[in-house]
Amino acid sequence: ILYAYAFGKAQRILAGVDASIGPVIVHGAVDVINAYYRSEGVHLPNALHANDPSVTLDQIQRALVLAPPLAKGTPWLKRFKNASDGFASGWMRVRGNRRRKSVDRGFVLSDHADFDELNRAIRESGAERVLATHGTSDALVRWLNEGGLNAETLNTEYGDELEIGAGASPA
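Residues numbered from 1 in each chain as written. Predicted model: local features only at pLDDT ≥ 70, side-chain atom pairs only at ≥ 80, totals over all residues. Heavy atoms only, no water.

## Points about the side chain of Asn 34
Then step 1. Looking at the element boundaries, Asn 34 is found in helix 2 (residues 28-39).
Then step 2. Beyond its immediate chain neighbours, meaning those up to four positions away, Asn 34 contacts Gln 11, Leu 14, Val 26 and Leu 44. (Helix = DSSP H or I, 4+ residues; strand = E, 2+ residues; numbered from the N terminus. Contact = heavy atoms within 4.5 Å.)

Structure (structure tokens):
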């Protein structure tokens, strides 16, 4: 079982999976987003919906299961007996988070730009004013202001984004 955020992260993982090596089963929250991606022309390998009655015990035992983190510890997981689990997130880069999440494996997979990529994107955009949010925005704002750009921190409704579980990935 691989836990990944249902919107974006799970699709990124699915797009990189070689589905010919075995079945892929997805949680309903992932399946709904997959359907939207496909309707917009994004190719994703076929995945079985976990609640499909045609899914066999053999498929369940051999499958890569993609589920959102909130599925952990729910009755939904009972069908996947003796499964190993992992979590795919940029947060897995932070020491101790695999243990705190109580998963067998942690996979560092962040959808966020690193510092150099972020600076390149800002520079190439030609922006004269930058509003930074998410993660360590104060450091980025200071850096941009020192470089001559008009930059400010924009506070959002996400709260303390540096805490794991805040729904954000580290900057």
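## Focus on the packing of aromatic side chains
Then step 1. This model, assessed by the stated rule, comprises three aromatic pairs.
Then step 2. Between Trp 76 and Phe 80, the aromatic rings sit 5.2 Å apart at their centres with planes inclined by 55 degrees, giving tilted as the arrangement. Judged on exposure class, the residue Trp 76 and its partner Phe 80 are both buried.
Then step 3. With a centroid separation of 5.5 Å and 70 degrees between ring planes, the pair formed by Phe 115 and Trp 143 is classed as edge-to-face. Of the two residues, Phe 115 sits in helix 5 (residues 115-125) while Trp 143 sits in helix 6 (residues 137-146), which places them 28 residues apart along the sequence.
Then step 4. Residue classification places Trp 143 among the partly exposed positions, given a relative accessible area of 47%. (Phe/Tyr/Trp six-rings, centres within 6.5 Å; stacked < 30°, edge-to-face > 60°. Buried < 20%, exposed > 50% of the residue type's maximum accessible area, 1.4 Å probe, protein only.)

## A word on the pairing of strand 5 (residues 86-89)
Then step 1. Here strand 5 shows two buried faces, one formed by Gly 86 and Ala 88 and the other by Phe 87 and Ser 89.
Then step 2. Strand direction decides the pairing type here: strand 1 (residues 2-3) and strand 5, joined by two bridges, are parallel. Along strand 5, the bridge assignment pairs Tyr 3 with Phe 87. (Pairing = 2+ DSSP bridges.)

## Notes on the sheet that holds strand 4 (residues 64-67)
Then step 1. Strand order across the open sheet formed by six strands is 3-2-4-1-5-6, with parallel pairing between neighbours. Every interior strand has two partners, whereas the edge strands, strand 3 (48-49) and strand 6 (105-108), have only one.
Then step 2. Contacts between helix 2 and the sheet are confined to strand 2 (24-26), strand 3 and strand 4, with strand 2 contributing the most and set at about 100 degrees to the helix. (Axes fitted to C-alpha atoms, helices over the stretch in contact; angles between N-to-C directions.)

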